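# Notes for the structure review
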Amino acid sequence: MVRAAQAGMAKYFPDMRSVVVNSDGGSTDGTVEAFEEAMVEDFNSLFIPHRVSPLLKIYTPYHGIPGKGSAFRTIFEIAKELGVKACAVVDSDLRSITPEWIDLLLSPVLKEGYDFTAPYYLRHKFDGTITNSIVYPLTRALYGKRIRQPIGGDFGFTGELAKFYLEDESVWDSDIARFGIDIWMTTTAIANNFKVCQSFLGAKIHAPKEPSSDLSDMLRQVVGVLFDLMGKHEEKWVDIEGSEPTAMFGFRYDVGLEPIHVNIERMIETFIIGREELGSIWEAALPESLIWFLHSLKPSPWQDFRLSSEIWAEIIYYFAIAYHRTLVNKTHLLKSLTPLYLARTASFINEALQCNATEVEKILEETCLRFEEKKAYLIENWE
Amino acid sequence: MKTGNKNKEDRIENFINKVIEPFESFFESVLQYLTNILSFALIIAVGLVLGHVLKFLSLRLFRLMRIDAYSERGEITAMLRRGGITEPLSSLLARAARWLTVFVFFIIALGALQVPRVEQLLEEFFLYIPNIIVSVIIVFLGYMLSNFLARAVLIASVNAGIRASGLISKLARFGVLAFTVSMALEQLGIGKDTIVAAFTIIFGGIVLTLALAFGLGARDAAKEYLESRLRKSEEPKKEAKDDEFTHL
């Protein structure tokens, strides 16, 4: 990652001074040593013939709640102190990063006058299900901007925007300090009228995920921040109808993605257990007709299991309203969404099982349109 | 002769006085008691009127504070409904304010009766009141905590795909409630040692039962579970075998 950043800066921004920051939560797995030692040794092999100024590296442990958001806060503070023109943040466990990513994330900001670059990846059709089924459709319907990967995690932005992110001190004690940082950065940029674009980065491949990452907790943090931001930016989204495309940079190409295994039956089983046990919480958020519909869903054969995008959009809007009105304890409400999310994921996988990438995008487009159509209902019942 | 008559008159007067005195004393006592009863009745009447006024005022205040909406959000309404109480919390609190006022005036009125035994009982009762208040608070907080924890356990176990989620949740609720009741009774000083011993025996019994059930009854399941856990810790990459996609 460090070598990719160094090569990217040397190749695409040779006249600019750069700093690579590792904002670390106290790793003991050799990350610090790897960061210190990482260095491009042969620039000629990367077709960089000119003289390259030495790379300045800053390693700093972050403070506050352990999580990605706290790490980003430290980076924003360093960017502010150094008075940088532009900043790019990337996950440290990326396997597919290339020097071009630095160009693609920073050039729209430095050369095209944009304030914020969101990533656009090629991912397996079943990857990023929280993004595909909740974050992208909801962000698009609310704020009217089609940003395909609002929680991609790798962004480019101006130094001014980094300063803006630091203005609200209160957010760093919330879930924004954890998984919620990505959606907060994107939504804050859109809602405050910063110029936003996307860059095509190709495939996104991470190091194998940590077994301890809990889906229910991830969902709670991301959706909780999303719902909180709905309350905060209410006056900005109520008048928006439909959505518009966002500028896209980079050369689009196809990549081969390895097949992955999914256990649909287990997802459906979790939904069925949730349907039997979580009735009292769901009833506080969902109308009787939806509860009845959920009870009418047949778990077998699993290949026929469907939870339509229309019903799904309604469920998310009802949950957003219940969250806004605090009809149930907020943490319990968000965590009780997991079985429903798994039901929708199982349904989506069933639908997309035989589809190619283009057909899958069509299914997602349909989902987004249902969210846009149902937005009137959300506005009507918000207060 | 005159002296003899005088003595006779004195004796008669003395006799009359001795006869009348108890009547006078009785009459005074009755009068005093009637005054006390009148004070008692008057204080009760004032308490009833004041209680009614306080109920009206507090109801207005609680509604102004939107206490019903907060109780709905804080799941207090649901808790009351589960206990068969359908009345709004504002109305309940207003009624409680009324009866508390009446109760306080009743206690004051009992004091006005000036009956030594009643006064002694009142003194003992007043000394016991803090224990009752603390016990009520313990039971209330314990009930709230049991509901919260039971729901949290239920959601966590459902999300983990455990079929017996309902049972696990009920056990969590029962555990917290049992602990709460034992604490409250201990506070009241009722069967102190018996409760502690009973709680220890029940709790220990449950743990032993579960251990035996898991170790003997579900020996194969326990073996499989432990083996799978050990295998997982040895081969962390196999964790993602079932679902290999990332959600974010």
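Note that the structure is predicted; figures quoted are calculated from it, not measured.

## Description of the sheet that holds strand β9 (residues 248-249) of chain A
Residues and elements named next belong to chain A. In spatial order, the strands read β3-β6-β4-β7-β9; together these 5 strands make up an open sheet with mixed pairing. Here the strands that pair on one side only, and so sit at the sheet edges, are β3 (86-89) and β9. Here strand β4 (residues 116-122) runs beside strand β6 (residues 155-158); their pairing, made up of 2 bridges, is antiparallel. When the sheet's bridge partners are listed, T117 is paired in β6 with G156.

## Points about the confidence of the model for chain B
All names here are of chain B. When pLDDT is averaged along chain B, the result is 82, and 86% of the positions lie at 70 or above. The element-level mean pLDDT for chain B is lowest in helix α8 (residues 219-234), coming to 66, with helix α6 (residues 165-188) highest at 90. Within the model, pLDDT remains below 50 along residues 236-240, and this stretch shows 4 contacts once partners closer than five positions in the same chain are excluded.

## Brief notes about empty space enclosed by the protein
Residues and elements named next belong to chain A. Summed over the entire model, instances satisfying the criterion amount to 1 cavity of 30 Å³ or more. Computed from the structure, the largest cavity encloses a volume of approximately 50 Å³. What lines the largest cavity is T129, N132, S133, R344, T345, F348, L364 and T367. Looking at the lining of the largest cavity, the elements with two or more residues in it are α5 (129-143), α15 (338-352) and α16 (357-381). The class makeup of the residues in the lining of the largest cavity is 2 nonpolar, 5 polar and 1 charged. Composition of the lining of the largest cavity by domain shows at least three residues from each of domain 1 (2-249) and domain 2 (264-381).

## A few points about the packing of helix α13 (residues 309-324) of chain A against α15 of chain A
Residue and element names in this part refer to chain A. At a minimum axis separation of 11 Å, α13 and α15 run at an interaxial angle of 160°. By the angle class used here, α13 and α15 are roughly antiparallel. For α13 against α15, the interelement crossing comes out left-handed. On α15, the residues touching S309, W312, I315 and F319 of α13 are L340, Y341 and R344.

Conventions we followed
Residues numbered from 1 in each chain as written. Chains lettered and ligands numbered in written order. Predicted model: local features only at pLDDT ≥ 70, side-chain atom pairs only at ≥ 80, totals over all residues. Heavy atoms only, no water. Pairing = 2+ DSSP bridges. Helix = DSSP H or I, 4+ residues; strand = E, 2+ residues; numbered from the N terminus. pLDDT = per-residue confidence, 0-100. Contact = heavy atoms within 4.5 Å. 1 Å grid on protein atoms, 1.4 Å probe; cavity = no way out; pocket = protein on both sides within 12 Å on 5 of 7 lines; lining within 4 Å. Points joined across faces, edges and corners; volume = space filled by probe spheres on them. Nonpolar A, V, L, I, M, F, W, Y, C, P; charged D, E, K, R; others polar. Domains from an automatic or database assignment. Axes fitted to C-alpha atoms, helices over the stretch in contact; angles between N-to-C directions. Parallel < 35°, antiparallel > 145°, perpendicular 65-115°, else oblique. Left-handed = near helix turned anticlockwise from the far one by under 90°.

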